[in-house]
Amino acid sequence: MDAPVTEWLSAWREGDSAARDRLVHVLYPELRRIAGQVFRRERADHTLQPTALVNEAWLRLSGSAAIEGADRSHILAVAARLMREILIDHARRRSASKRDGGQRIDLTELDVADDSNGIDLIDLDVALSRLEQVDPIKARIVELRYFGGMNLEETAETVDLSVATVKRHWQAARIWLFNALSENTS
């Protein structure tokens, strides 16, 4: 499926609106799936809805130079990064308007929290940014798995590593994040 997506991207950049429509038809459901996975970990009364997240990500993605010459997995990786940015921006705006702190998320899938209240999304972003400074590949794997909803195989394909290596990096990153987030709560 990567070949048609790459061709459609190229045709869309050259002004082919039919190619854009084909891209939307193929990629929008994938983005909805990713957003659905992200929101399953969010609190029930979240003020941002999955459709709004996908629409905002699509708008940013369609205007991004980062998709030049991209294939499907690269586009989904860029979308994961954009969704992370959108969620963090949303959490910061909410945090600025409230005195009780930022947005809380459940990181049970990351196995870094037993706290039923979850981890603050802004704290996660800070910890992930710190991890990115120490080990960019581990941070990218977390971003793709957590914000991008990718499984181990999809992540391995995107970062061009073996599944076993991605699994090891994923486990190490979860431990690193647990420690980093534990420092913030102590």
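Structural data are supplied above this passage.
Right, let's walk through the structure included here. The structure displayed is predicted, hence computed values, not measured ones.

A short note on the nonpolar core
Core analysis: the largest hydrophobic core is formed by 56 residues, its most contacted members being L23, L53, M83, L87 and V142. At the level of elements, α1 (2-13), α2 (17-40), α3 (50-62), α4 (72-97), α5 (121-134), α6 (136-147), α7 (152-159) and α8 (163-185) are the ones that each hand at least two residues to this core. Ranked by residue count, the leading element in this core is α4, at twelve residues. With sequence-adjacent residues up to four places away left out, V142 is seen in contact with L128, L131, F147, W170, A173 and L177.

What about the environment of R84?
As for its placement among the helices and strands, R84 is situated in helix α4. Excluding its chain neighbours within four sequence positions, the residues that come into contact with R84 are D125, L128, S129, E143 and F147. Here E143 takes part through its side chain, which lies 2.9 Å from a polar atom of the side chain of R84.

Points about the pattern of salt bridges
Inspection of the entire model under this criterion finds eleven salt bridges. In this structure, the salt-bridge partner of R81 is E132, at a minimum N-O distance of 3.1 Å. Here the residue R81 occupies a position in helix α4, and E132 occupies one in helix α5, the gap between them amounting to 51 residues. Residue classification places R81 among the partly exposed positions, given a relative accessible area of 30%. Accessibility expressed as a relative area gives 29% for E132, which makes it partly exposed. Taking the shortest distance from any N to any O, the salt bridge between D135 and K138 comes out at 2.6 Å. For the pair D135 and K138, a shared accessibility class is recorded, and that class is buried. Members of the salt-bridge network, linked through shared partners, are R81, R84, R92, D125, E132 and E143.

Focus on the packing of α2 against α3
Contact geometry for α2 and α3: axes closest at 9 Å, N-to-C directions at 130 degrees. The angle between α2 and α3 places the two elements in the oblique class. The interaxial crossing formed by α2 with α3 has right-handed handedness. In this structure, α2 contributes L23, V24, L27, Y28, L31, R32, A35 and F39 to the contact, and α3 contributes P50, T51, L53, V54, N55 and W58. Of the residues contributing to the contact of α2 with α3, the split by class is eleven nonpolar, two polar and one charged.

Rules used throughout
- Residues numbered from 1 in each chain as written.
- Predicted model: local features only at pLDDT ≥ 70, side-chain atom pairs only at ≥ 80, totals over all residues.
- Heavy atoms only, no water.
- Core = buried A, V, L, I, M, F, W, Y, C linked by side-chain atoms within 4.5 Å.
- Buried < 20%, exposed > 50% of the residue type's maximum accessible area, 1.4 Å probe, protein only.
- Helix = DSSP H or I, 4+ residues; strand = E, 2+ residues; numbered from the N terminus.
- Contact = heavy atoms within 4.5 Å.
- Polar contact = N/O pair within 3.5 Å; in protein donor to acceptor, adjacent residues only side chain to side chain.
- Salt bridge = Lys/Arg side-chain N within 4 Å of Asp/Glu carboxyl O.
- Axes fitted to C-alpha atoms, helices over the stretch in contact; angles between N-to-C directions.
- Parallel < 35°, antiparallel > 145°, perpendicular 65-115°, else oblique.
- Left-handed = near helix turned anticlockwise from the far one by under 90°.
- Nonpolar A, V, L, I, M, F, W, Y, C, P; charged D, E, K, R; others polar.

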